Amino acid sequence: ALETHFEDRVTILGENAGMSLMIRLRSKLEDEDITRRARASGVGLVSARLYYLDEERPGNMGEFVLGYAGLSERRIREGARRLAKILK
């Protein structure tokens, strides 16, 4: 679903990580803007910035953790569509 809506603007970093997925999004927006827009559109994602020990990383790393436990395929596809729409 992510590759369908983002094409080469997304890199999946950890697809076998249990109930979540780590991705890198190529966007001109800061991570905080992306998470705020996602939350407003009903998509839950967390900046991976919280998980790095190095605080010197730039504000727009573009790496995020997406949880998908308990979501149907339809809801996952809809979430990817919504996320792509807010980042255009």
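This section reports on the structure supplied with the text. (Residues numbered from 1 in each chain as written. Predicted model: local features only at pLDDT ≥ 70, side-chain atom pairs only at ≥ 80, totals over all residues. Heavy atoms only, no water.)

Side note on the side chain of Ser 41
At step 1: With respect to the helices and strands, Ser 41 occurs in the loop between helix 2 (31-40) and strand 3 (45-47).
At step 2: From its side chain, Ser 41 meets the backbone oxygen of Ala 38 in a polar contact 3.0 Å long.
At step 3: Not counting residues within four places of it along the chain, the set of residues in contact with Ser 41 comprises Arg 82 and Ile 86. (Helix = DSSP H or I, 4+ residues; strand = E, 2+ residues; numbered from the N terminus. Polar contact = N/O pair within 3.5 Å; in protein donor to acceptor, adjacent residues only side chain to side chain. Contact = heavy atoms within 4.5 Å.)

Re helix 2
At step 1: All of the buried residues along helix 2 are Asp 31, Ile 34, Thr 35 and Ala 38. In an axial view of helix 2, the angular spread of the buried residues amounts to 95°, which keeps them on one side of the axis. Summarising the geometry of helix 2, the exposed residues directed more than 90 degrees from the buried face are Glu 32 and Ala 40.
At step 2: Gly 42 occupies a position one or two residues after helix 2 and carries a positive phi of about 85°. (Buried < 20%, exposed > 50% of the residue type's maximum accessible area, 1.4 Å probe, protein only. Arc of directions from axis to C-beta.)

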